[in-house]
Amino acid sequence: MFSKKHLFLSASAVLLLAACGNGDDETGDTGEETTEETSGDMNELTVWTWDPNFNVKALEMAEERYQEENPDFSLNIIENAQEDVVQKLNTSLSSGVDTGLPQIVFIEDYRAPSFLNSYDEAFYPLGDYYNTDEFADYKVAAGSVDDNVYNIPFDTGVTGLYVRTDYLEDAGYSLEDLEDITWDEYIEIGKDVYDQTGIKWLTNDHGDLGIMRVMLQSSGVWWTEEDGTTPYIADNMALKEAFEDYKEMNDSGIMNVHNEWDQFIQTFNNGDVVTVPTGNWISASIMQAEDQSGKWGIAPIPRQNIEGSVNASNLGGSSIYVLQGEGQEAAAEFLAATFGSDVDFYQDLVTEINALGAYEPATEGEAYEQESEFYGGQQIFQDLAEWTQEIPEVDFGQRTYEIQDILAVALQEYLNGADLDEVLQNAQEQAESNM
Amino acid sequence: MSDKKKKVKKKKMGKLQRNRVWMSWTFVLIPTLFIITFYFYPMIQAFWISLHTGTGVNLDFTGLDNYRRLFNDQAFITAVKNTFIFFIFQIPLMIILALFFSVLLNQKTLHFKGVFRTLVFLPAITSLVAYSLIFRYLFSNDGVVNQILMFFNFIDDPIFWLGDPFWAKVLIIIAITWRWTGYNMIFYLSALQNIDPGIYEAARIDGASAVQQFFKITIPMLRPVILFTSITSTIGTLQLFDEPMNLTGGGPGNATTTISQYIYNLSFEYTPNFGYASAVSYSIVVFVLILSAIQFRVGRERK
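Quick caveat, the model's predicted, so the values are computed rather than measured.

Thresholds, definitions, all that
- Residues numbered from 1 in each chain as written.
- Chains lettered and ligands numbered in written order.
- Predicted model: local features only at pLDDT ≥ 70, side-chain atom pairs only at ≥ 80, totals over all residues.
- Helix = DSSP H or I, 4+ residues; strand = E, 2+ residues; numbered from the N terminus.
- Buried ≥ 20, exposed ≤ 12 C-beta atoms within 10 Å, placed from the backbone.
- Contact = placed C-beta atoms within 7 Å.
- Rg over C-alpha atoms; globule rule 2.2 N^0.38 Å.
- Nonpolar A, V, L, I, M, F, W, Y, C, P; charged D, E, K, R; others polar.
- Pairing = 2+ DSSP bridges.
- Axes fitted to C-alpha atoms, helices over the stretch in contact; angles between N-to-C directions.
- Core = buried A, V, L, I, M, F, W, Y, C linked by C-beta atoms within 7 Å.
- UniProt positions renumbered as here; feature names shortened; annotations may be inferred.
- Domains from an automatic or database assignment.
- Expected span 1.5 Å × (residues − 1).
- pLDDT = per-residue confidence, 0-100.

**Details of the overall build of chain B**
Here is step 1: Scanning chain B for helices and strands turns up twelve helices and two strands.
Here is step 2: Each helix and strand of chain B, placed in order from N terminus to C terminus, yields the pattern α-β-β-α-α-α-α-α-α-α-α-α-α-α.
Here is step 3: Across its three principal directions, the C-alpha atoms of chain B cover 100 × 75 × 35 Å.
Here is step 4: For chain B, buried positions account for 30% of its 303 residues.
Here is step 5: Sequence separation of 24 or more characterises 69% of the internal contacts of chain B that already satisfy a separation of 6 or more.

**A few points about the overall build of chain A**
Here is step 1: Broken down by element type, chain A carries 17 helices and twelve strands.
Here is step 2: Taken against the 2.2 N^0.38 rule, which gives 22 Å for 435 residues, the C-alpha radius of gyration of chain A at 25 Å falls within 12% of a compact globule.
Here is step 3: Its C-alpha atoms give chain A principal-axis dimensions of roughly 95 × 55 × 45 Å.
Here is step 4: Relative to its full complement of 435 residues, chain A shows a buried share of 47%.
Here is step 5: Of the contacts formed within chain A by residues at least 6 apart in sequence, a portion of 76% connects residues at least 24 apart.

**Some details on the interface of chain B and chain A**
Here is step 1: Taken together, the 33 residues of chain B in the interface contact 35 residues of chain A.
Here is step 2: When contributions to the side of chain B that touches chain A are tallied by element, the ones reaching two or more residues are α1 (2-49), α3 (74-105) and α11 (259-269) of chain B.
Here is step 3: The element best represented in the side of chain B that touches chain A is α1 of chain B, accounting for seven residues.
Here is step 4: For the side of chain B that touches chain A, a count of residues per class yields 13 nonpolar, 17 polar and three charged.

**Digging into the sheet that holds strand β12 (residues 318-322) of chain A**
Across a sheet, paired strands are connected by hydrogen bonds in the backbone, their directions being either parallel or antiparallel.
Residue and element names in this part refer to chain A.
Here is step 1: With respect to topology, five strands assemble into an open sheet ordered β2-β1-β3-β12-β6, the strand pairing being mixed. The outermost strands of the open sheet, each flanked by one partner alone, are β2 (74-79) and β6 (151-153). Here the strands of the sheet are splayed against their neighbours by 25 degrees on average, with no regard to which way each runs.
Here is step 2: The pairing of strand β1 (residues 44-49) with strand β3 (residues 104-108) spans two bridges and is classified as parallel. Residue pairing in the sheet places Val47 in a bridge with Ile104 of β3.
Here is step 3: Sheet strands in contact with helix α3 (residues 52-69) are β1, β2 and β3, and its direction is about 175 degrees off that of β2.
Here is step 4: Packed onto the sheet, helix α13 (residues 328-337) meets β1, β3, β6 and β12 and runs at close to 145 degrees relative to β12.

**Observations regarding the nonpolar core**
Here is step 1: Residues Val105, Leu216, Val322, Leu335, Leu407 and Ala410 of chain A together with Val280 of chain B are the most contacted members of the largest nonpolar core, which totals 163 residues.
Here is step 2: For Leu216 of chain A, the residues in contact, after removing those within four places along its chain, are Val221, Trp222, Trp223, Ala238, Leu239 and Ala242 of chain A.

**Considering the sheet that holds strand β11 (residues 296-299) of chain A**
Residue and element names in this part refer to chain A.
Here is step 1: The strand order β10-β7-β11 describes an open sheet built from three strands, whose pairing is antiparallel. The strands lining the two open edges of the sheet, one partner per strand, are β10 (275-279) and β11. When the angles between neighbouring strand axes are averaged without regard to direction, this sheet yields 30 degrees.
Here is step 2: Across four bridges, the pairing between strand β7 (residues 159-164) and β11 is antiparallel. Of the residues in β11, the one forming a bridge with Val163 is Gly297.

**Considering the UniProt feature "transmembrane region" (unreviewed entry) in chain B**
Residues and elements named next belong to chain B.
Here is step 1: When the UniProt feature table is mapped onto this chain, "transmembrane region" (unreviewed entry) is found at residues 21-41, 84-106, 118-139, 159-178, 221-241 and 274-294.
Here is step 2: Counting secondary structure, residues 84-106 comes out at 96% helix and 0% strand; the distance between its end C-alpha atoms is 32 Å.
Here is step 3: Taken end to end, residues 159-178 comprises 70% helix and 0% strand; its first and last C-alpha atoms sit 20 Å apart.

**Section: the domain arrangement of chain A**
Residue and element names in this part refer to chain A.
Here is step 1: Under the domain assignment, chain A is made up of domain 1 (38-156 + 316-364) and domain 2 (159-313 + 374-433).
Here is step 2: A separation of 28 Å is found between the C-alpha centroids of domain 1 and domain 2.
Here is step 3: Where the side of domain 1 that touches domain 2 is concerned, the elements lending two or more residues are α5 (112-118) and α6 (137-142).
Here is step 4: The residue makeup of the side of domain 1 that touches domain 2, split by class, is nine nonpolar, six polar and four charged.

**Quick notes on unusual backbone geometry**
All names here are of chain A.
Here is step 1: If you check the backbone angles, Asp146 has positive phi at about 50 degrees while not being a glycine.
Here is step 2: Within the fold, Asp146 resides in the loop between β4 (144-145) and β5 (148-149).
Here is step 3: Classification of Asp146 by C-beta neighbours within 10 Å gives exposed; the count is 6.
Here is step 4: With a phi close to 55 degrees, Asn354 is a non-glycine residue in the positive phi region.
Here is step 5: With respect to the helices, strands and loops of the structure, Asn354 is situated in the loop between α14 (343-353) and α15 (380-390).
Here is step 6: A tally of 18 C-beta atoms within 10 Å means that Asn354 is categorised as partly exposed.

**Observations concerning helix α4 (residues 82-95) of chain A**
Structural remark: α-helix, 3.6 residues per turn; residues separated by three or four positions point the same way.
Here is step 1: In a regular helix each residue adds 1.5 Å, so 14 residues correspond to 20 Å; α4 of chain A covers 20 Å between its end C-alpha atoms and thus fits that length.
Here is step 2: Close packing links the buried residues of α4 of chain A with β1 and β3 of chain A together with α11 of chain B.
Here is step 3: The positive-phi residue at the C-terminal boundary of α4 of chain A is Gly96 of chain A, with phi of around 80 degrees.

**Regarding the confidence of the model for chain B**
Here is step 1: Predicted confidence across chain B gives a mean pLDDT of 87, with 95% of residues reaching 70 or more.
Here is step 2: Both scores are given for the predicted complex: the pTM is 0.80, the ipTM 0.74.

**A word on the environment of Ile125 of chain B**
All names here are of chain B.
Here is step 1: Residue position: Ile125 is located in the loop between α4 (113-121) and α5 (128-138).
Here is step 2: For Ile125, a count of 10 C-beta atoms within 10 Å gives the class exposed.
Here is step 3: As a C-alpha pair, Ile125 and Tyr183 span 58 residues in sequence and 8.9 Å in three-dimensional space.

**Some thoughts on the UniProt feature "domain: ABC transmembrane type-1" (unreviewed entry) in chain B**
Here is step 1: UniProt's feature table lists "domain: ABC transmembrane type-1" (unreviewed entry) at residues 80-295 of chain B, given in the numbering used throughout.
Here is step 2: Across residues 80-295 of chain B one finds 75% helix and 0% strand; the C-alpha atoms that close the span lie 19 Å apart.

**What to know about the pairing of β12 of chain A**
Residues and elements named next belong to chain A.
Here is step 1: Summarising burial for β12: five of the five residues are buried, a large majority.
Here is step 2: On β12, burial covers both faces: Ser318, Ile320 and Val322 on one face and Ser319 and Tyr321 on the other are all buried.
Here is step 3: Examined bridge by bridge, β3 and β12 share five bridges and lie antiparallel to one another. Counted as the bridge partner of Ile104 is Val322 from β12.
Here is step 4: Where β6 meets β12, three bridges bridge the pair, whose relative direction is antiparallel.

In structure tokens form, the structure reads like this:
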């Protein structure tokens, strides 16, 4: 008797365990049904993001401001490395279970189209919550699918050419000589400065094609066509020029090669390079070297020798998304009231964490006019904000990182002496076969 | 009376036996169910997904298309090549080193055996990420390794351990060998301790040299263990992920990308295509089966 009971118990325990999977689904469903009733009074929202000094800090500032009007409101900010956020989001969304997901999530602009297309029902449209016209077009475009806007833009990755003005002067140049130039001119000046001072002109990691993305976006193209999936490599003049320029920088010896992020930061903090062409988020790292105060300046990023190419581009940057489900309205309202429309909030972001948003009305504010002592009295925020509005709009598509890996191999072969057309043709074919 | 007693006794025994049968089936049933739920179900499900393609949750049934795609996918072919390069150079190197260390550390005359054994085994219990980070520093362009090599004039210019396709592969091989040699050595050590010392004694009396003893006695006696370690190492190397991910990021280019890392990239780095990623993971299953079969053959034939 005892054993029979035992068997029954264990069997039912197993059944119960098996039923757990279904149980989750069911609660998920009921959660959705009751969404409309409960979302209004949902007071704690969960956010997934990365970077404690930047994204988290910005969120905490937004939370504080929003609490003045909504004292019951609070955020539960869960901070992970960006990779982990991406992975968690992918596994949760692909499992089809909608419990355990946050209400708000940060996604890098390059990755956004991939998420929006892979999980089309998962994101909550935000276009009606804020005035999208007041934001830089390219930022809104990164989070839009078929005219539906799913993001509220956050930081711009507007690029600048960060320059050591003291080295430049030693070689007889000034910051103005680097304004409104092409990459070819940039390389020529670089060779001259390197000859005279012996200091490398720039540093890069051969595996990081960020500088190519900067070049391409300044010309308004990407390595996929406008549909976001068809590779645009072999006939892409902008990409071809980017490859040629890169090889020129490498072969002429003006480029220092680093292998990882820490080395990158070390290189300019130690004063081993003259220029750092990259996104404005690098500013905080550059300013770590306090002894270099007053020795830096920022010029607009060089453009390509291509019609329509401008001296403004973008590298990185993320936007904020709301996931469908309980609390979606509350999350959207919170974001719209802060990141979506609060001019003063953007002044605080600039002053406190040097975060540049893509919100045009905010750039009129006081904070943007401040002169930076570190950058020799330059009004860097105003300059960067101005360039932000000029950044060409590009459809990042769903294959940015996939094709970048293919191109990294192509670049390696090209640097080792292979023919450029052949290398790009191979990359094109490979990217096509993976469609 | 005695008859009745017997009957009762028999009945009782029967009941107890029945209970035992139930009990034992229960014990078998529970793990079986768990294995089915957590091993076989995912395996079958993964195979089913591998017949689909699409982004994220928008999967369409496409039959064997994913498997056909494998043969034209340069990134996959490179990943397979890299994995096999690691496997071909690293496993023999590691097994020879492990044998060497185990014989050395099994010497009766050696002092502080415990200390040395611990030293060799220690890497196996070190955190993967921690050691990868330290390796990155050691092998960076101006890192300790390059400085030592330059100090002794072995090289004139620093080696780009992380930036050169060839040296990055060498670095990965060094890293895995460093980590797993001690682990395999433990197996050999325990096998060595099971060899009857009388055999060696007899060999010595017959005038066999140390080298002869090693090749004619030690190696044959250890054959089953060598077979076992080479199979587990093969499987481990085919699934290699942590070292390339943390040390080189698969780069430069895709010079150190392994199959497992490619699966990760397909699922999490790029726009997720779980169907194709599953097809790639099934390719590992095929490789493991083939290689293990070959190793079994080779290991058995000589017997």
